Amino acid sequence: MERGVLGSRCAAGAGHILGKKSATSCGKTTSTSFAGSTKHEQNLHGNVKPLQLAANGSSCLANTSPVLKKQRNLSARSSSAEVVTTFDDAKGVSSSVVEEKIGVLLLNLGGPETLDDVQPFLFNLFADPDIIRLPRLFRFLQRPLAKLISTFRAPKSKEGYASIGGGSPLRKITDEQANALKIALEKKNLHANIYVGMRYWYPFTEEAIDQIKNDKITKLVVLPLYPQYSISTSGSSIRVLQNIVKEDSYFAGLPISIIESWYQRDGYVKSMADLIEKELSAFSNPEEAMIFFSAHGVPLTYVEDAGDPYRDQMEDCITLIMGELRSRGILNSHTLAYQSRVGPVQWLKPYTDEVLVELGQKGVKSLLAVPVSFVSEHIETLEEIDMEYKELALESGIENWGRVPALGCTSTFISDLADAVVEALPAASALVTRKPDDTDSDLDLMHYLSKMFLGSILAFILLLSPRLISAFRNTML
Ligand SMILES: C=CC1=C(C)c2cc3[nH]c(cc4nc(cc5[nH]c(cc1n2)c(C)c5CCC(=O)O)C(CCC(=O)O)=C4C)c(C)c3C=C
Ligand SMILES: [Fe+2]
């Protein structure tokens, strides 16, 4: 992992842990279980799943088929300590108090905070095997390739970040959401520590996970801040956790419940519909405006070859939001397109930029853009949609342009996320892990050395070859 100033920001990461004192100041409820037995309630909540590792240690979440069911509403369990009643031989019943410390880990992408952070941030992103999926045989190229792509991509990305104030707002917004979630949970009588773990920048997921261990959390709910599941987003962050669970006995025994996706929750759907309804009313002829859902894309192979449920979930999400709007008598036309493609491969279609031009040519005059794959403002809303796509739309003949803001800390939305956490808690169970054996570590060392060797040769060749570089630049930018 590449870090801007190594070590110096770790303290900032620790600042993202909210409510460390809560465990001592909360109420109790009683639950009864027989000594030694743990109740595993797997798949109880539709999309809430205790994480399981396959026997080969790889994730079985990536190929999870989309879960399109509505979540069941289970009653809230508000506790930070529970009385465990055990049957003590023939003597009778004895009780002991086990302190429960609940943690909620919010997973997000992270973004560069300054322009100097852009290249190392991009390196971390492209070094992720869930972002650039190389065949196993070529995995040794991952880091040299990440170095190369991040170096070439950085100037363009920097321009984007410069135009939105010199850095990503993601950290600040995610911290605000974490605070708001903590308060919403407290209102529901659940006291929890909230941790923020970013995949590619500070505070890194690994830092948050360290802190969870230091705080001796006894039950953890993992909540990716992406409404829909993709291998490249929630999947990638969950993999970081899985890898730690494999190595660490504390995490191997920690009851964890992972909320894989939550776009189908009523609270989210209604909050999105509220925002759309409000923004539509700003048009002089609201009923004429087309609702234009723009989702972040993924390469087509993710969906077609790797079984990523992202596209199915996205389409289902749009159907649910439109259903809610129709039930309110809002009958506007709508469409879905995918934005932000990177590199030479085919991404999910249709592409946002192409659809905007077509709509303009077809005579659409009013358009409301709705970013739908993310719940915070970020470079792709503030720069790509608000600047690039708006300009393209206006050039293409669209006259009236509007954009729905990201949900951010909207109270109905945060309150629903809090409900999702409460509902996920009973499903928490220890993860199934496999300890690496000695042969694995020998192989790992050989693998690592050969990777380093071949990777260095390749980086050397590529960096010395101007023709290759200019061909590469033409495809990546
Ligand atoms: C659901 C959301 C996202 C998916 C899916 C996703 C996939 C994905 N992204 C890239 C490449 C880049 N993403 C970048 C920024 C970025 N991506 C998301 C969300 C999803 N990405 C967000 C919220 C952000 C912005 C963070 C911020 O700082 O505000 C970038 C960097 C910006 C740029 O240069 O455009 C890149 C690059 C790939 C390759 C991918 C799927 C494989
Ligand atoms: Fe992205």
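The structure displayed is predicted, hence computed values, not measured ones. (Residues numbered from 1 in each chain as written. Chains lettered and ligands numbered in written order. Predicted model: local features only at pLDDT ≥ 70, side-chain atom pairs only at ≥ 80, totals over all residues. Heavy atoms only, no water.)

K.L.:
When you look at the packing of helix α2 (residues 118-126) against helix α3 (residues 142-163) in this model, what are you seeing that I'm missing?
P.N.:
Between two packed helices, both the angle of their axes relative to each other and the distance between the axes serve to describe the pair. Closest axis-to-axis distance for the α2/α3 pair is 7 Å, and the angle between their directions is 135°. With respect to α3, the axis of α2 lies oblique. Two packed elements cross with a definite hand, and for α2 against α3 that hand is right-handed. Across the interface between the two elements, Val 118, Gln 119, Phe 121, Leu 122, Phe 123 and Phe 126 from α2 touch Gln 142, Arg 143, Ala 146, Lys 147, Ile 149, Ser 150, Thr 151, Arg 153, Ala 154, Ser 157, Lys 158 and Tyr 161 from α3. Its residues assigned to classes, the contact of α2 with α3 shows nine nonpolar, five polar and four charged. (Axes fitted to C-alpha atoms, helices over the stretch in contact; angles between N-to-C directions. Helix = DSSP H or I, 4+ residues; strand = E, 2+ residues; numbered from the N terminus. Parallel < 35°, antiparallel > 145°, perpendicular 65-115°, else oblique. Left-handed = near helix turned anticlockwise from the far one by under 90°. Contact = heavy atoms within 4.5 Å. Nonpolar A, V, L, I, M, F, W, Y, C, P; charged D, E, K, R; others polar.)

K.L.:
In this structure, what is going on with the packing of α3 against helix α12 (residues 379-395)? I would like to understand it.
P.N.:
Put simply, α3 and α12 touch, their axes get as near as 9 Å, and they point 90° apart. Relative to α12, α3 is oriented roughly perpendicular. Together, Ser 157, Gly 160, Tyr 161 and Ser 163 of α3 and Ile 379, Glu 383 and Met 387 of α12 make up the contact between the two elements. Here the contact of α3 with α12 is composed, by residue class, of three nonpolar, three polar and one charged.

K.L.:
Sorry if this is basic, but what is going on with the site of ligand 1 here?
P.N.:
Around ligand 1, the surrounding shell holds 29 residues, and the nearest of these are Arg 153, Ser 157, Tyr 161, Ser 168 and His 296. Between an oxygen atom of ligand 1 and a side-chain N or O atom of Ser 157, the distance comes to 2.4 Å. Here ligand 1 loses 96% of its free accessible area of 800 Å² to cover by the protein chains. Elements supplying a minimum of two residues to the shell around ligand 1: α2, α3, α6 (231-247) and α12. Looking at the shell around ligand 1, the element that brings in the most residues is α2, giving four residues. Class assignment of the residues belonging to the shell around ligand 1 gives a composition of 17 nonpolar, 10 polar and two charged. (Near = heavy atom within 4 Å. Polar contact = N/O pair within 3.5 Å; in protein donor to acceptor, adjacent residues only side chain to side chain. Areas by Shrake-Rupley, 256 points an atom, 1.4 Å probe, with all protein chains shown as cover.)

K.L.:
Would you take a moment to explain the nonpolar core for this structure?
P.N.:
As a rule of thumb, nonpolar side chains are buried together in soluble globular proteins. Judged by nonpolar contacts, the single largest core of 62 residues is most densely connected at Leu 181, Leu 185, Tyr 268, Ile 276, Phe 293, Ile 321 and Val 372. Broken down by element, this core gets its largest block of residues, eight residues, from helix α13 (residues 411-424). Tyr 268 has contacts with Pro 227, Gln 228, Trp 262, Tyr 263, Cys 317, Val 372, Val 375, Leu 407, Phe 413 and Asp 416, leaving out every residue within four places of it along the chain. Counting residues in each nonpolar core, the second largest holds 26 residues, with Leu 134, Leu 141, Leu 170 and Tyr 202 among its members. (Core = buried A, V, L, I, M, F, W, Y, C linked by side-chain atoms within 4.5 Å. Buried < 20%, exposed > 50% of the residue type's maximum accessible area, 1.4 Å probe, protein only.)

K.L.:
Looking at this structure, how should I read the pairing of strand β10 (residues 290-296)?
P.N.:
Strand residues, when the strand is regular, have side chains that alternate between the two faces of the sheet. By the criterion of burial, β10 is predominantly enclosed, with six of the seven residues buried. Note: β10 against strand β12 (residues 366-371), five bridges, orientation parallel. Looking at the pairing, Ser 294 lines up with Pro 371 of β12. (Pairing = 2+ DSSP bridges.)

K.L.:
What is the right way to look at the environment of Pro 299 in this model?
P.N.:
Of note, Pro 299 is situated in the loop between β10 and α9 (300-304). The exposure class assigned to Pro 299 is buried, which follows from its relative accessible area of 11%. Setting aside residues no more than four positions away along its own chain, Pro 299 makes contact with Val 345, Gln 346 and Trp 347.

K.L.:
What's the story with the pairing of strand β6 (residues 102-108) in this structure? I'm lost.
P.N.:
The buried fraction of β6 amounts to seven of the seven residues, a majority that puts the element mostly inside the structure. Side chains of β6 alternate between two faces, with Ile 102, Val 104, Leu 106 and Asn 108 and Gly 103, Leu 105 and Leu 107 buried alike. Here six bridges tie β6 to strand β8 (residues 219-224), and the two strands are oriented parallel to one another. Residue pairing in the sheet places Gly 103 in a bridge with Leu 220 of β8. The pairing of β6 with strand β7 (residues 192-198) spans seven bridges and is classified as parallel. Across the sheet, the residue bridging to Leu 105 is Tyr 195, located in β7.

K.L.:
What is the right way to look at the packing of aromatic side chains in this model?
P.N.:
Within a pair of aromatic rings, the relevant descriptors are the distance that separates the centres and the angle that separates the planes. The tally for this structure, following the rule as stated, stands at eight aromatic pairs. When the ring of Phe 121 is compared with that of Tyr 200, the centres are 6.4 Å apart and the planes differ by 80°; the resulting orientation is edge-to-face. Within this pair, whereas Phe 121 is found in helix α2, its partner Tyr 200 is found in the loop between β7 and α5 (205-214), the two being separated by 79 residues in sequence. With relative accessibility at 1%, the residue Tyr 200 sits in the buried group. Among the aromatic side chains, those forming a connected cluster through ring pairs are Trp 201, Tyr 202 and Phe 204. Stacked on the ring of Tyr 302, the Lys or Arg Arg 133 has its end atom at 5.4 Å from the ring centre. Directly above the ring of Tyr 351 sits Arg 341, whose terminal nitrogen or CZ lies 3.8 Å from the centroid. (Phe/Tyr/Trp six-rings, centres within 6.5 Å; stacked < 30°, edge-to-face > 60°. Lys NZ or Arg CZ within 6 Å of the ring centre and 35° of its normal.)

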